[in-house]
Amino acid sequence: MLEIRGVRKRFQVAGKTIPILDISEWNVNQGEQIAITGPSGSGKSTLLHLISGIMKPDSGVITIGGERLSEMNEASRDTYRSAHIGYIMQDFYLIPSLTARENIQMALSGSRKGKSRQANIAEWLERVGLKDRGHHKPAQLSRGQQQRVAIVRALIHEPELVLADEPTGSLDWETADEIGNLLLELCDSQRQTLLVVTHDLNMAERFPVSKHIHEINLMNRNMQVQGDIAI
Ligand code: ADP
Ligand code: MG
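Criteria and thresholds
Along each chain, numbering runs from 1 in the same order as the chain's sequence is written. To label them, take the chains in the order written and letter them from A, then take the ligands in the order written and number them from 1. Per-residue local features are limited, in this predicted model, to residues with pLDDT of at least 70; the limit for side-chain atom pairs, both in listing and counting, is 80 or more; totals at the level of whole chains, interfaces and linings are taken over all residues. Here the side-chain values reflect all heavy atoms present in the structure, with hydrogen atoms and water set aside. As used here, the term nonpolar core means buried Ala, Val, Leu, Ile, Met, Phe, Trp, Tyr and Cys residues forming a set that is joined through side-chain atoms within 4.5 Å. Any residue under 20% of the maximum accessible area for its type is buried, any over 50% is exposed, and the rest in between are partly exposed; the area is computed with a 1.4 Å probe on protein chains only. A run of H or I in DSSP becomes a helix once it reaches four residues, and a run of E becomes a strand once it reaches two; helices and strands are each numbered from the N terminus. The contact definition used throughout considers only heavy atoms, calling two residues in contact when any of these lie within 4.5 Å. Neighbouring residues are identified by heavy atoms, a residue being near a molecule or strand if any of them is within 4 Å of it. Think of a polar contact as two N or O atoms within 3.5 Å of one another; within protein, one of them needs to be a possible hydrogen donor and the other a possible acceptor, and neighboring residues in sequence only count if both atoms come from side chains. Only the protein chains shown count as covering a residue, and every accessible area follows the Shrake-Rupley method with a 1.4 Å probe. When residue character is reported, Ala, Val, Leu, Ile, Met, Phe, Trp, Tyr, Cys and Pro are called nonpolar, Asp, Glu, Lys and Arg charged, and the others, Gly included, polar.

Caption draft 1: Summary view of the nonpolar core. Ile151, Leu183 and Leu194 are the most contacted members of the largest nonpolar core, which has 35 residues in total. Contributing elements (two or more residues each) for this core: helix H3 (100-108), helix H4 (114-127), helix H5 (143-155), strand S7 (161-165), helix H6 (173-189), strand S8 (193-197) and helix H7 (201-205). Tallying contributions element by element places H6 first for this core, with seven residues. When sequence neighbours within four positions are dropped, the list of residues in contact with Leu183 reads Ile88, Ile151, Ala164, Pro167, Leu194 and Val196. With 29 residues, the next largest nonpolar core counts Val28, Ile34, Leu50 and Leu161 among its residues.

Here it is as structure tokens:
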């Protein structure tokens, strides 16, 4: 469902070009669950930004579900992302002034009508153990609960592809375990493809497949160039 061909990404900093990613070929099937590990600064977030279409590669082709994302303009990539991709981040990015329910509702705007939408949200809240927390604002929830809300927000429109960038990075280990399992279970039950970036090797071990970013990114011979530049 995801095909990457000859994708390169470089950044220009202070007149120098820093190569970040150079992926000659990578295929991911529908329903696969892959942990992507690697040290800080190795390009993991950049990889997810490219796959989600937040960023464009300098060259190469990214195809998701038969659509050539890398050839769309920014507006089309945004539309594609909101319909087909769920994105989960380390720091949740919930809107502080809105309740859990309202935060989730934001992801559904326009897609479904009134009552069935409310029922759907209630069902999802129950599924992630937050049945009685729908009217809580983020500050009235634990960090683990906030991440559960963010997971529902990312999954409720049933995207084919779920991307998570260090989803347990700011949680204690016990909560991190729970959140990791929840993500695996939810995506498995809907046969969604799940790519999780993590530097938590415990978490990576739970995944059927774990890949180091260097395995995906065949270049990396220029890693030391990055080290020379204080970014
Ligand atoms: P990771 O998520 O593995 O920690 P990132 O993908 O965030 O790594 O970053 C990879 C490298 O690219 C880092 O060296 C980082 O400093 C650099 N980088 C990321 N974004 C930019 C940018 N917008 N401009 C220049 N350099 C960047
Ligand atoms: Mg990162």
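What follows picks up the thread again.
Caption draft 2: Geometry of unusual backbone geometry. Even without glycine at this site, Tyr93 takes up a positive phi of about 50°. Within the secondary structure, Tyr93 is located in the loop between strand S6 (85-89) and H3. Even without being glycine, Arg191 reaches a positive phi, approximately 55°. Looking at where Arg191 falls in the secondary structure, it is placed in the loop between H6 and S8. For Arg191, a relative accessible area of 52% corresponds to the exposed category.

Caption draft 3: Layout of the site of ligand 1. Around ligand 1, 13 residues are found, and the nearest of them are Gly41, Gly43, Lys44, Ser45 and Thr46. Contact distances for ligand 1 include 3.1 Å between an oxygen atom and a backbone N or O atom of Gly43. The contact in question runs from an oxygen atom of ligand 1 to an N or O atom on the side chain of Lys44, over 2.9 Å. Relative to its free-state accessible area of 560 Å², ligand 1 is covered by the protein chains to the extent of 68%. Of all the secondary-structure elements, those providing two or more residues to the shell around ligand 1 are strand S1 (2-13) and helix H1 (44-52). Counting residues per element, the shell around ligand 1 draws most heavily on H1, at three residues. Classifying every residue of the shell around ligand 1 by side-chain character gives five nonpolar, seven polar and one charged.

Keep in mind these values describe shape, not function.
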